[in-house]
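What the coordinates show
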Amino acid sequence: MSTQREQIRQRADEIEESEALRIDEGKAEQLIDALNTELAATYVAYHQIRKHHWNVEGAEFRDIHVYLGEVAEDLEAAADEFAERAQALGGAPLSGGATYEAHAPVEPEGDDVYDIRTSLANDMEMFGDIIETMRDHIALAEDLGDYTTSEIIRRNLETVEEHAHHFEHYLEDDSLVVEGALE
């Protein structure tokens, strides 16, 4: 049984307007929602990438294992930026696996372990969906005059696009692996 005490400082659905940042509550609410959506999508992607990092096998094991570890680190750093900006705007960043999955615009693949081509194809698909959402949120932040949030999302969009492009390259049919090893 948990012995945690419940002394709430801020309810998850409340916004405490920032005097320092001077973004009105209505705009902040939209921005926090966008940032929490990015946070949720990023953590769903993070856990899927970690799953693939742990389960990759085959001739390219080492390179893909290392690369997926780097992707996961980039996602974790992005999640931190999204959460900190949501908090700075007066919101409460989302937390918890079930909460992330409920708020994410993407769905993780199943619990089963898939071959690496299927795994990377699933990652590329998820990253494509995240890219579209990020672009929408950049436009929203700019329309609301919050160029800092726009820049945070834009910077992370560049990283997600780069990884999606690398997934696409991994999925090409050109390989140094001898044909017999593929059977």
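In what follows, the accompanying structure is described. In this text the structure is predicted, and so the values were computed from the model without any measurement.

A look at the packing of aromatic side chains
A full pass over the atoms with the stated rule returns 5 aromatic pairs. Plain terms: the ring middles of Tyr-67 and Phe-167 are 6.2 Å apart, the flat faces sit at 80° to each other, and that makes the pair edge-to-face. In this pair, Tyr-67 sits in helix 2 (residues 61–88) while Phe-167 sits in helix 5 (residues 147–170), placing the two residues 100 residues apart along the sequence. Clustering of aromatic rings is evident, with ring pairs tying together Tyr-67, Phe-127, Phe-167 and Tyr-170.

Re the pattern of salt bridges
Pairs can form between side chains of opposite charge once their charged atoms are near each other. Counted by the stated rule, this structure contains 6 salt bridges. Put simply, Lys-51 and Glu-109 hold a salt bridge, and the shortest N to O gap is 2.8 Å. Here Glu-109 lies in the loop between helix 3 (97–103) and helix 4 (116–143) and Lys-51 lies in helix 1 (residues 25–55), a separation of 58 residues in the sequence. With respect to burial, Lys-51 and Glu-109 carry one shared label: buried. Salt-bridge contacts for Glu-161 lead to Arg-135; the nearest nitrogen and oxygen are separated by 2.7 Å. Of this pair, Glu-161 sits in helix 5 while Arg-135 sits in helix 4, and the two are 26 residues apart along the sequence. Look at Arg-135 and you get partly exposed, because its relative accessible area is 48%. Within the structure, one salt-bridge network assembled from shared partners comprises Glu-142, Glu-151 and Arg-154.

Structural notes on helix 1
End to end, helix 1 covers 44 Å across 31 residues, agreeing with the expected 45 Å (1.5 Å per residue, within 8%). For helix 1, the tally of buried residues reaches 22 of 31 residues, placing the bulk of the element in the interior. N-capping of helix 1 is provided by Asp-24, with a side-chain oxygen placed 3.0 Å from the backbone N of Gly-26.

Some details on the environment of Val-113
Its location among the elements puts Val-113 in the loop between helix 3 and helix 4. Relative accessible area serves as the criterion here: at 53%, Val-113 is assigned to the exposed category. For the pair formed by Val-113 and Asn-55, sequence separation is 58 residues and the distance between their alpha carbons is 7.1 Å.

As for unusual backbone geometry
With a phi close to 55°, Arg-22 is a non-glycine residue in the positive phi region. Within the fold, Arg-22 resides in the segment before helix 1. For Arg-22, a relative accessible area of 74% corresponds to the exposed category.

Considerations on the side chain of Arg-50
Position of Arg-50 among the secondary structure elements: in helix 1. Glu-73 is the oppositely charged side chain nearest to the buried, salt-bridge-free Arg-50, at an N-O distance of 5.0 Å. In this structure Arg-50 touches Gly-69, Ala-72 and Glu-73, once residues within four positions along its chain are discounted.

Considering the nonpolar core
Ranked by size, the top nonpolar core spans 48 residues in total, and within it Leu-39, Ile-49, Phe-82, Phe-127, Ile-130 and Phe-167 carry the most contacts. Elements that contribute at least two residues to this core include exactly helix 1, helix 2, helix 4 and helix 5. Of the residues forming this core, the biggest block, 12 residues, is contributed by helix 1. The contacts of Leu-39, once residues within four sequence positions are left out, are Ala-79, Phe-82, Ala-83, Pro-93, Leu-94 and Tyr-100.

The rules we used
Residues numbered from 1 in each chain as written. Predicted model: local features only at pLDDT ≥ 70, side-chain atom pairs only at ≥ 80, totals over all residues. Heavy atoms only, no water. Phe/Tyr/Trp six-rings, centres within 6.5 Å; stacked < 30°, edge-to-face > 60°. Helix = DSSP H or I, 4+ residues; strand = E, 2+ residues; numbered from the N terminus. Salt bridge = Lys/Arg side-chain N within 4 Å of Asp/Glu carboxyl O. Buried < 20%, exposed > 50% of the residue type's maximum accessible area, 1.4 Å probe, protein only. Expected span 1.5 Å × (residues − 1). Polar contact = N/O pair within 3.5 Å; in protein donor to acceptor, adjacent residues only side chain to side chain. Lys, Arg positive; Asp, Glu negative; His and termini not counted. Contact = heavy atoms within 4.5 Å. Core = buried A, V, L, I, M, F, W, Y, C linked by side-chain atoms within 4.5 Å.

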